[in-house]
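What the coordinates show
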Amino acid sequence: MSLVFLIDIVTGFMLRNAASNLDLSVATLMAELRNAPADAFMVPLTMLAERPVVWVTGLAMALWLAAWRGWRVALLMLAIMGFAEFASVNLNHLVSSPAALSRGGFTSVPTLMAGLVFGFMAVLAGHSMGRWAKAVVAAMCGGVVVAIAYSRVYLGAEWLSGILAGGLLALV
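Residues numbered from 1 in each chain as written. Predicted model: local features only at pLDDT ≥ 70, side-chain atom pairs only at ≥ 80, totals over all residues. Heavy atoms only, no water.

1. Thoughts on the side chain of Arg152
To keep it simple, the criterion reads: Helix and strand assignments follow DSSP, with helices taken as H or I runs no shorter than four residues and strands as E runs no shorter than two, numbered in order from the N terminus. Relative accessibility decides the category of a residue: with a 1.4 Å probe and only protein chains considered, values under 20% of the type maximum give buried, values over 50% give exposed, and everything between is partly exposed. Under this definition, polar contacts are N or O atom pairs within 3.5 Å; protein pairs additionally need one hydrogen-donor-capable and one acceptor-capable atom, and for neighbouring residues in sequence, both atoms have to be side-chain atoms. By the convention used here, residues are in contact when the closest approach between their heavy atoms is within 4.5 Å.
Mapped onto the elements, Arg152 comes out in helix H8 (residues 131–154). Under the relative-accessibility criterion, Arg152 is labelled buried at 7%. In terms of polar contacts, Arg152 uses its side chain to reach the side chain of Glu158, at 3.1 Å. Ignoring any residue separated from it by four or fewer positions in sequence, one finds Arg152 in contact with Thr46, Glu50, Ser108, Pro110, Thr111, Ala157, Glu158 and Ile163.

2. Digging into a nonpolar patch on the surface
Going by this rule: Residues forming no salt bridge and having over 30% relative accessible area are the ones grouped into patches, like charges within 9 Å of each other and nonpolar side chains (Val, Leu, Ile, Met, Phe, Trp, Tyr) within 5 Å. Here the open area of atoms and residues is found with the Shrake-Rupley method and a 1.4 Å probe, where only the protein chains shown may cover a residue. A pairing counts as a salt bridge when a side-chain nitrogen of Lys or Arg comes within 4 Å of a carboxyl oxygen of Asp or Glu.
Together, Leu29, Leu33 and Tyr150 give the surface a local cluster of nonpolar side chains, amounting to about 270 Å² of exposed area. Examined against the element boundaries, Tyr150 turns out to sit in helix H8. The partly exposed category is assigned to Tyr150, whose relative accessible area is 37%.

3. Comments concerning the environment of Leu76
You can see Leu76 is positioned in helix H5 (residues 71–94). The spatial distance from the C-alpha of Leu76 to the C-alpha of Ala62 is 8.9 Å, given a sequence separation of 14 residues.

4. Structural notes on the packing of aromatic side chains
The test is simple: In summary, the pairing rule links any two rings of Phe, Tyr or Trp, Trp by its six-membered ring, whose centres are within 6.5 Å, and it sorts them by plane angle into stacked for under 30 degrees, edge-to-face for over 60 and tilted for everything else.
Using the criterion set out here, one finds two aromatic pairs in the structure. Taken together, a centroid distance of 6.3 Å and an interplanar angle of 55° make the contact between Trp64 and Trp68 tilted. Like Trp68, Trp64 is exposed.

5. Section: the layout of surface pockets
The criterion, for reference: The pocket and cavity definitions rest on a 1 Å grid over protein atoms only: a 1.4 Å probe that fits but cannot leave marks a cavity, an open set with protein on both sides within 12 Å along at least five of seven lines marks a pocket, and residues lining either have an atom within 4 Å of a point. Grid points are joined across faces, edges and corners, and a volume is the space filled by probe spheres set on the points. Under this grouping Gly is polar, as are all residues other than the nonpolar Ala, Val, Leu, Ile, Met, Phe, Trp, Tyr, Cys and Pro and the charged Asp, Glu, Lys and Arg.
A volume near 370 Å³ is recorded for the largest pocket. The wall of the largest pocket is formed by 18 residues, among which Gly115, Val145, Gly167, Ala170 and Leu171 lie closest to the centre. Elements represented by at least two residues in the lining of the largest pocket include exactly helix H7 (109–125), H8 and helix H9 (160–171). Grouping the amino acids of the lining of the largest pocket by side-chain chemistry returns 13 nonpolar, five polar and no charged.

6. Some words on the environment of Leu169
Of note, Leu169 is situated in helix H9. A relative accessible area of 18% means that Leu169 is categorised as buried. Separated by 54 residues in the primary sequence, Leu169 and Gly115 place their C-alpha atoms 9.0 Å from one another.

7. Remarks on the confidence of the model for the chain
The cut-off we apply is this: The quantity known as pLDDT measures the predictor's confidence residue by residue, on a range of 0 to 100.
Within the chain, residue pLDDT values average 82, and 80% of them lie at 70 or more. Mean pLDDT values over the elements of the chain span from 51, in helix H6 (residues 98–101), up to 93, in helix H3 (residues 36–47).

8. Describing the environment of Leu59
Structurally, the position occupied by Leu59 is in helix H4 (residues 51–67). Overall, Leu59 belongs to the partly exposed group, its relative accessible area being 40%.

9. Focus: the packing of H3 against H8
For clarity, the cut-off: Note on definitions: angles span 0 to 180 degrees between N-to-C directions of axes, and those axes are lines fitted to C-alpha atoms, for helices only across the stretch in contact. We call two directions roughly parallel when the angle between them is under 35 degrees, roughly antiparallel when it is over 145, roughly perpendicular when it lies between 65 and 115, and oblique otherwise. A crossing counts as left-handed when the near helix is turned anticlockwise from the far one by less than a right angle, and as right-handed when that turn is clockwise.
Put simply, H3 and H8 touch, their axes get as near as 9 Å, and they point 120° apart. Considered as vectors, H3 and H8 are oriented oblique to each other. Regarding H3 and H8, the two cross each other, and that crossing is left-handed. Contact residues: Ala38, Asp39, Met42, Leu45 and Thr46 in H3; Ala147, Ile148, Tyr150, Ser151, Arg152 and Tyr154 in H8. Split into classes, the residues belonging to the contact of H3 with H8 amount to seven nonpolar, two polar and two charged.

Right, here's the structure in full:
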């Protein structure tokens, strides 16, 4: 289902070659809502999803897995992160509309990478837990990803469609 929505967003950007009315409306709303105390909270939150932070977190997790002799899982994690980086860069080249490029590209790479890393953390942390504990861990990691995505839209770093594309690509 998320793949269908992702394809719809990509084709919409390719055909219109501009930001959608929803993107512009959300960007205007967020610009009107911005204030100094919220910015002070949102800036560090959005920095949790920057490439260096996510890659260091992912590499630390892979090293920890390798130290506990989880080589296959560590390699899988690195392969997933590498594929996500490759896919997002190529998708940004495929959809090269001026509106998408004005805010860092079509696909929100920070949202994609945060979704993958925190999702992988939720799966690893919940591996030996009961059903309800797994649900709590997954909800907490999902909440962090949603908060990061919201902060990126709030600060004007990404378009809403780019956030949705990055999140849907992480789900796929």
